[in-house]
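Geometric and topological summary
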Amino acid sequence: MKQLILPLIFIMSLTFSLRAQSNFGLALSLDGNGDQASASSPITSGTFTIEAWIKIDTNYSGYKTIYSSTSGFFLKDGKMNWYQGADRFIGTTTITQFEWNHIAVSYNGNVLTGYINSVLNSSSNFTGGQLPIFGVGIGGHTLEYFDGLIDELRVWNFARSQSEINNTMNDTLGSAYYSSADSGLISYWRFDTLEDLGINNDGADDVRDFSIYNN
């Protein structure tokens, strides 16, 4: 249920009633019709993990953005996809609609691996992958707009293992993960609290990146 439209750097809405887990709180709600969040890129990394909780609100065909610029993490026809000049990884399972699912793509420099609810979905060999290096769209890139909810979006500068993804996906991350660079967490958006971070100087309508890089 989309209840409130709030102007941030971009236009987005927040949901007050739907959440990935009972202790998560608010989530980014996108209507598939031009909504997107914009953020600075994290540090460049040739190994990475991107993970989030998502809830799809419609039937999907074509590409739909999770986190991307010229490369990034998409859905393609409802399946996880990493696109970097071409489709480098496509999941084998269509993600179920109208319910929360945790999705993750992990890259160790040679292999892209996808997980749904921490269960291995598919993997693909690829050399030369890297995180987006320009401004990043969350939920939108050109005409590829996500329709649904995104929560607990996390970006790491290393390939997390299946067990590491499983151990943290049902909880918010504590300060041990974002008080220093040691954890490898380079972006972390909870989408829970609006703050005045000085963006556009228009009051408490900004969303914090909890990592030490403040993307």
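Here goes a summary of the coordinates provided.

1. Some points on the side chain of Glu 152
Along the chain, Glu 152 falls in strand E14 (residues 147-156). Owing to a relative accessible area of 1%, Glu 152 belongs among the buried residues under this scheme. A distance of 2.6 Å separates a polar atom in the side chain of Glu 152 from a polar atom in the side chain of Arg 154. A distance of 2.8 Å separates the side chain of Glu 152 from the side chain of Tyr 188, its partner in a polar contact.

2. What about the environment of Asn 117?
Looking at the element boundaries, Asn 117 is found in the loop between strand E11 (111-116) and strand E12 (119-125). The exposure class assigned to Asn 117 is partly exposed, which follows from its relative accessible area of 28%. Considering only alpha carbons, one finds Asn 117 and Asn 166, 49 residues apart in sequence, at a separation of 7.6 Å. Leave out the neighbours within four places in its chain, and Asn 117 touches Trp 53, Asn 101, His 102 and Met 169.

3. Comments concerning the packing of aromatic side chains
Within this structure, the stated rule accounts for 13 aromatic pairs. Look at Tyr 107 and Phe 126: their rings are 6.2 Å apart centre to centre, the planes differ by 40°, and that puts the pair in the tilted class. In this pair, Tyr 107 sits in strand E10 (residues 100-107) while Phe 126 sits in the loop between E12 and strand E13 (136-138), placing the two residues 19 residues apart along the sequence. Considered together, Tyr 107 and Phe 126 belong to a single accessibility category, that of buried residues. Pairing Trp 156 with Tyr 177 gives two aromatic rings, centres 5.9 Å apart and planes at 85°, and the pair type is edge-to-face. Here Trp 156, found in strand E14, pairs with Tyr 177, found in helix H2 (residues 175-178); they are 21 residues apart in sequence, far enough to count as distant.

4. With respect to the side chain of Ser 68
In this structure, Ser 68 sits in strand E6 (residues 63-68). The class for Ser 68 is buried, based on a relative accessible area of 1%. Once you skip the residues sitting within four places of it in the chain, Ser 68 turns out to touch Phe 73, Phe 74, Pro 132, Gly 135, Val 136, Gly 137 and His 141.

5. Topic: the pairing of E11
Most of E11 is tucked away, with 5 of its 6 residues classed as buried. One ladder, built from 5 bridges, connects E10 with E11; its direction is antiparallel. Counterpart to Ser 106 in the pairing with E11 is Thr 113. The loop that links E10 with its antiparallel partner E11 comprises 3 residues; one of these, Gly 109, has a positive phi angle of about 100°. One ladder, built from 6 bridges, connects E11 with E12; its direction is antiparallel. Bridge pairing links Tyr 115 to Leu 120 in E12. Between the antiparallel neighbours E11 and E12 lie 2 residues, among them Asn 117 with a positive phi of about 55°.

6. Topic: the pattern of salt bridges
Under the counting rule described, the total for this entry stands at 3 salt bridges. In this structure, the salt-bridge partner of Asp 87 is Lys 76, at a minimum N-O distance of 2.7 Å. Of this pair, Asp 87 sits in strand E9 (residues 87-90) while Lys 76 sits in strand E7 (residues 71-76); the two residues are 11 residues apart in sequence, bridging distant segments of the chain. On the basis of relative accessibility, which here comes to 21%, the residue Lys 76 falls in the partly exposed class.

7. Some words on the sheet that holds E6
With antiparallel pairing, 6 strands are arranged side by side in an open sheet as E4-E13-E6-E7-E8-E9. The outermost strands of the open sheet, each flanked by one partner alone, are strand E4 (37-39) and E9. Each strand of the sheet is rotated relative to its neighbour by a mean of 35°, with strand direction disregarded. Where E4 and E13 come together, 3 bridges link them in antiparallel fashion. Along E13, the bridge assignment pairs Ala 37 with Ile 138.

Parameters at a glance
- Residues numbered from 1 in each chain as written.
- Predicted model: local features only at pLDDT ≥ 70, side-chain atom pairs only at ≥ 80, totals over all residues.
- Heavy atoms only, no water.
- Helix = DSSP H or I, 4+ residues; strand = E, 2+ residues; numbered from the N terminus.
- Buried < 20%, exposed > 50% of the residue type's maximum accessible area, 1.4 Å probe, protein only.
- Polar contact = N/O pair within 3.5 Å; in protein donor to acceptor, adjacent residues only side chain to side chain.
- Contact = heavy atoms within 4.5 Å.
- Phe/Tyr/Trp six-rings, centres within 6.5 Å; stacked < 30°, edge-to-face > 60°.
- Pairing = 2+ DSSP bridges.
- Salt bridge = Lys/Arg side-chain N within 4 Å of Asp/Glu carboxyl O.
- Axes fitted to C-alpha atoms, helices over the stretch in contact; angles between N-to-C directions.

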